[in-house]
Amino acid sequence: MKILVIGSGGREHALAYFLSRSSAVDRLYWTPGNAATEQIAENPGIPVDDFEVLLKFAKKEDINLTVVGPELPLVEGLTDYFEENGLLVFGPKAEAAMIEGSKIFAKKLMEEASIPTAKYESFLNFEEASRYIDKIDPPIVVKADGLAAGKGVTICYSREEAKQTLHNYFIEKIFGESGTRVVIEEYLSGEEATVLALCDGEVILPMISSQDHKPVFDNDKGPNTGGMGAIAPAPVVTDSVMMKVMDRIMYPLLNKLKTKGITYRGVIYAGLMIADGEPYVVEFNCRFGDPEAEVVLPLLKSDLAELLLSTSLGELSGADLAWEDGYACDVVIASGGYPGKYEKGKVIEGIEKVERNPDSYVFHAGTKKVDNKVVTSGGRVLNIVGKGKTLKEAIDKAYKNVSLVQFENMHYRKDIGFRGLKHLNN
Ligand code: AMP
Ligand code: GLY
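Keep in mind it's a predicted model, so treat the numbers as computed, not measured. (Residues numbered from 1 in each chain as written. Chains lettered and ligands numbered in written order. Predicted model: local features only at pLDDT ≥ 70, side-chain atom pairs only at ≥ 80, totals over all residues. Heavy atoms only, no water.)

**Q** I keep staring at the sheet that holds strand β16 (residues 278-285) and nothing clicks. Help me out?
**A** Strand-to-strand pairing in sheets goes through backbone hydrogen bonds, with the strands running parallel or antiparallel. On the basis of which strands lie adjacent, the open sheet formed by four strands has the order β10-β9-β15-β16 and antiparallel pairing. Looking at the sheet topology across the chains shown, the edges are occupied by β10 (204-206) and β16. Ignoring strand direction, the axes of neighbouring strands in this sheet form an average angle of 35°. Both strand β9 (residues 191-200) and β10 contribute to a ladder of three bridges, which runs antiparallel. (Pairing = 2+ DSSP bridges. Helix = DSSP H or I, 4+ residues; strand = E, 2+ residues; numbered from the N terminus. Axes fitted to C-alpha atoms, helices over the stretch in contact; angles between N-to-C directions.)

The structure is reproduced here in structure tokens:
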């Protein structure tokens, strides 16, 4: 079959890489891609938001399946547009993608389905939201309703800070219209983890768990980022936690969507807070996690192309998800200054040394080719992955690989997987 992958980050590189190794895939396109694209796919160079040109290309090339990496095109209806024109997409239609596109929609759904999550109220204006702040105790979590490039959540440790945050969202409109509808919710403590599940509208198949590391510095210090590294599986997600995630979260979510007449086809991302073995939903996303995909997919033994196709066709029933034993660890290398201001265009050395190592991968994020050299072009630059029989082995392999790569002012966390190791050592 012919597959088109849409997106340009590490998640899309991981998807395209494992699709390129499938015997079911005859031809692979990946757009707009990054410096890694030409190694494994053809790049038509079409931006993610140019639906018309994407459709024209997919029609002309007889693409059998379009795999969408990021949330924005899904929330904006790329799947609907392609399907109306007779093309198959991996990724939910706009009304199903609302589980990520609107926090108010997601919270209502969870409330109606009795899915464990933080208590919340939603607000459409500054005054009512501020009055509510006076009635509750910090820490207070303020969330913009719509997409905000992963930056729409503020954890406020005083009422003043919460009111200032509301001012920034409603009055200053720092997130545009996304922030003029707001969810205020209770603060959950515990350990975060991710569970991804393939869903074809009827059948839902969990993948192995994973754990992102969002803050920029070691020991979870500093501002949040898109993710500085990940491990899979996550030891905090024991078999018992996974069963609860399916019984209390995934099945009720699917059933509630169905009763509303919404068919969900794609991957469901459940961002969880796990407290004393009890999972609560922090957020749902309508796509693979980044960097979670970079550690989950390397452990998948089943054919990725067949699975994504079955999901999109509504034919997951009877499909088998087989996993390697062992673990994967991804260390993200970022540009100096990220998540604040950073410079671009730094020449990257050593990638090929990692690629030659067994059980090792480099998934590019913010990279591009200039004069046949790979240079930095974003905040998160590379995902350096190692696999191992134990979590410790996977982490050691990842960091050994990191030591082979070099660019000016690069930085990375030195403690990816520390929580996982604590569980296994106790
Ligand atoms: P989100 O954009 O919903 O993933 O939120 C970003 C991050 O904010 C999450 O990964 C959590 O670390 C944190 N967060 C969100 N909601 C809560 C909550 N109710 N309690 C504690 N932390 C939260
Ligand atoms: N790793 C966080 C996300 O993909 O939303």
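From this point, the discussion proceeds with the structure in view.
**Q** Would you take a moment to explain the site of ligand 1 for this structure?
**A** Neighbouring ligand 1 are 15 residues; Glu-185, Leu-188, Glu-192, Lys-214 and Glu-283 lie closest to it. Summarising the interface, the protein chains cover 92% of the accessible area of ligand 1, which totals 470 Å² for the free molecule. Here the residues of the shell around ligand 1 sort into eight nonpolar, no polar and seven charged. (Near = heavy atom within 4 Å. Areas by Shrake-Rupley, 256 points an atom, 1.4 Å probe, with all protein chains shown as cover. Nonpolar A, V, L, I, M, F, W, Y, C, P; charged D, E, K, R; others polar.)

**Q** What should I look at first to understand the packing of helix α8 (residues 126-133) against helix α9 (residues 159-171) in this one?
**A** When two helices pack together, their arrangement is given by the angle between the helix axes and the distance between those axes. Orientation of α8 relative to α9, taken along the N-to-C sense of each, is 165°, at an axis distance of 10 Å. Taken together, the axes of α8 and α9 lie roughly antiparallel to each other. Seen from above, α8 lies across α9 with right-handed handedness. For the pair formed by α8 and α9, the contact residues are Phe-126, Ala-129, Ser-130 and Ile-133 on the first element and Arg-159, Ala-162, Lys-163, Leu-166, His-167, Phe-170 and Ile-171 on the second. The residue makeup of the contact of α8 with α9, split by class, is seven nonpolar, two polar and two charged. (Parallel < 35°, antiparallel > 145°, perpendicular 65-115°, else oblique. Left-handed = near helix turned anticlockwise from the far one by under 90°. Contact = heavy atoms within 4.5 Å.)

**Q** Even after reading the chapter, I still don't get the packing of helix α6 (residues 94-101) against helix α7 (residues 103-112), so can you show me in this structure?
**A** Packing of α6 against α7 leaves a shortest axis separation of 6 Å and a crossing angle of 95°. With respect to each other, α6 and α7 are oriented roughly perpendicular. Residues Glu-95, Met-98, Ile-99 and Gly-101 of α6 form the contact with α7, whose participating residues are Lys-103, Phe-105, Ala-106 and Leu-109. In the contact of α6 with α7, the residues fall into five nonpolar, one polar and two charged.

**Q** Just checking my understanding: could you explain a nonpolar patch on the surface for this structure?
**A** Residues Val-153, Ile-155, Tyr-157 and Tyr-187 make up a contiguous nonpolar surface patch of about 370 Å² in total accessible area. Within the fold, Val-153 resides in strand β7 (residues 153-156). Here Val-153 falls in the partly exposed class, since its relative accessible area comes to 38%. (Patch = residues over 30% accessible without salt bridge, like charges linked within 9 Å, V, L, I, M, F, W, Y side chains within 5 Å. Salt bridge = Lys/Arg side-chain N within 4 Å of Asp/Glu carboxyl O. Buried < 20%, exposed > 50% of the residue type's maximum accessible area, 1.4 Å probe, protein only.)

**Q** How should the layout of surface pockets be read in this particular structure?
**A** Any empty space left between the atoms is revealed when a probe the size of a water molecule rolls over them. In this structure, the second largest pocket spans a volume of roughly 390 Å³. The wall of the second largest pocket is formed by 22 residues, among which Tyr-17, Phe-18, Arg-21, Tyr-361 and Phe-363 lie closest to the centre. Sorting the residues of the lining of the second largest pocket by element identifies α1 (10-20), α2 (37-40) and β18 (360-364) as the ones contributing at least two each. Of the residues forming the lining of the second largest pocket, the biggest block, four residues, is contributed by β18. By residue class, the composition of the lining of the second largest pocket is 10 nonpolar, five polar and seven charged. (1 Å grid on protein atoms, 1.4 Å probe; cavity = no way out; pocket = protein on both sides within 12 Å on 5 of 7 lines; lining within 4 Å. Points joined across faces, edges and corners; volume = space filled by probe spheres on them.)

**Q** Where do I start with the nonpolar core in this structure?
**A** Across soluble globular proteins, nonpolar side chains show a tendency to be buried alongside one another. In this structure, Ile-99, Val-237, Met-250, Ile-268 and Phe-284 are the most contacted members of the largest nonpolar core, which totals 51 residues. Of the residues forming this core, the biggest block, nine residues, is contributed by helix α10 (residues 239-259). Leaving out residues up to four positions away in the same chain, Ile-99 has contacts with Phe-105, Ala-106, Leu-109, Leu-253, Leu-257, Tyr-264, Ile-268, Phe-284, Asn-285 and Cys-286. Membership of the second largest hydrophobic core comes to 46 residues, among which are Met-1, Leu-308, Leu-321 and Tyr-361. (Core = buried A, V, L, I, M, F, W, Y, C linked by side-chain atoms within 4.5 Å.)

**Q** Help me understand the site of ligand 2, please; the structure alone is not making it clear to me.
**A** The immediate surroundings of ligand 2 are formed by Asp-212, Lys-214, Tyr-269, Asn-285, Arg-287, Gly-289, Asp-290, Pro-291 and Glu-292. For ligand 2, an oxygen atom lies 3.0 Å from a polar atom in the backbone of Asp-290. With respect to ligand 2, the side chain of Glu-292 contributes an N or O atom lying 2.7 Å from a nitrogen atom. Here ligand 2, which alone exposes 200 Å², has 90% of that area covered by the protein. When its residues are assigned to classes, the shell around ligand 2 shows two nonpolar, two polar and five charged. (Polar contact = N/O pair within 3.5 Å; in protein donor to acceptor, adjacent residues only side chain to side chain.)

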